[in-house]
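Descriptive analysis of the structure
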Amino acid sequence: MEISRWLMSNYIEVFGAVTGIVYVLLEIRQNIWLWPLGIITSAVYIWVFFVNKFYADMSLQCYYLIISVLGWYWWTRKSMKDADEDQRSLYVSRIKLRTGILVFSVFILLYFLIWFVLQRFTDSPVPEWDSFITSLSIVATWMLARKIYEHWYLWIVVNSASALIFFTRELYPTMILYFVYGVMSLVGMREWKKTIRT
């Protein structure tokens, strides 16, 4: 009875966790339907994080909404652009040095900017971690939208840190979700590695 009562009072978070897991399964398979499902998942988690005062993570979900639309466009446009079957879809590639430096610079800039805002203007209980998770997730999602293989490494770090933080905040469905994300990130690395093109 206690479990059913808990599920009833946390059904939105549970729904978001379930759609989030399906999202990563679609990501591993490089299925374009991950993007519309990402829009739904992000909308749910905007509410969950707002209620629990994870403001940077809430803002991150707004970013996910935007990048999901862009990712959907990039993956679809690339699929329709060329008549040649070999060139028809956006393919998995390794990160280039210049892109890596740019991504790292954006991460550092975002980290300090978000941390400053959270520290000064919100009641976030963990501004440093919230900033770290948010800024790293932003660059990882952009890399996913461009099908850059190394985004999986970033997700492993993000998912591990997130699971720990959400556990300390007693957001158990979300903690489980991020633990599962971490395991699925390892699977995704293996599956995407098979399709890398130089």
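In what follows, the accompanying structure is described. Nothing here was measured: the structure is a model prediction, and the numbers come from that model.

Re the packing of aromatic side chains
Applying the stated criterion to the full structure yields 16 aromatic pairs. Where W152 meets W192, the ring centres are 5.6 Å apart and the plane angle is 85 degrees; that geometry is what we call edge-to-face. Here the residue W152 occupies a position in helix α7 (residues 151-168), and W192 occupies one in helix α8 (residues 172-193), the gap between them amounting to 40 residues. Here the aromatic cluster, defined as three or more aromatic residues joined through ring pairs, consists of F104, F107, Y111, F112, W129 and F132. Its guanidinium or amino end placed over the ring of W74, R146 lies 4.5 Å from that ring's centre, counting from NZ or CZ. Above the plane of the ring of W75 lies K147, whose end atom (NZ or CZ) is 4.4 Å from the centre.

A closer look at the pattern of salt bridges
Considering all chains together, one arrives at 3 salt bridges under this definition. The salt bridge involving R94 is made with E150; its shortest N-O contact spans 2.5 Å. You can see R94 sitting in the loop between α4 (55-81) and α5 (97-121) and its partner E150 sitting in the loop between α6 (127-145) and α7, a full 56 residues away along the chain. Between R190 and E191 there is a salt bridge; the shortest N-O distance is 3.3 Å. Classification of E191 by relative accessible area gives partly exposed; the value is 25%.

Conventions we followed
- What you see as residue numbers is a count from 1 along each chain, following the sequence as written.
- Per-residue local features are limited, in this predicted model, to residues with pLDDT of at least 70; the limit for side-chain atom pairs, both in listing and counting, is 80 or more; totals at the level of whole chains, interfaces and linings are taken over all residues.
- Side-chain numbers here rest on the full set of heavy atoms in the structure, without hydrogens or water.
- Note on aromatic contacts: the rings of Phe and Tyr and the six-membered ring of Trp form a pair at centre separations within 6.5 Å, being stacked when their planes are under 30 degrees apart, edge-to-face when over 60 apart, and tilted otherwise.
- In this text, helices come from DSSP runs of H or I with a minimum length of four residues, and strands from runs of E with a minimum of two, each type numbered from the N-terminal end.
- Placement of a charge over a ring requires the Lys NZ or Arg CZ to be within 6 Å of the ring centre, with the centre-to-atom vector within 35 degrees of the ring normal.
- A pair is scored as a salt bridge if a Lys or Arg side-chain nitrogen falls within 4 Å of a carboxyl oxygen belonging to Asp or Glu.
- Buried, partly exposed and exposed residues are distinguished by accessible area as a fraction of the type maximum, computed with a 1.4 Å probe on protein chains only: under 20%, between the cut-offs, and over 50%, respectively.

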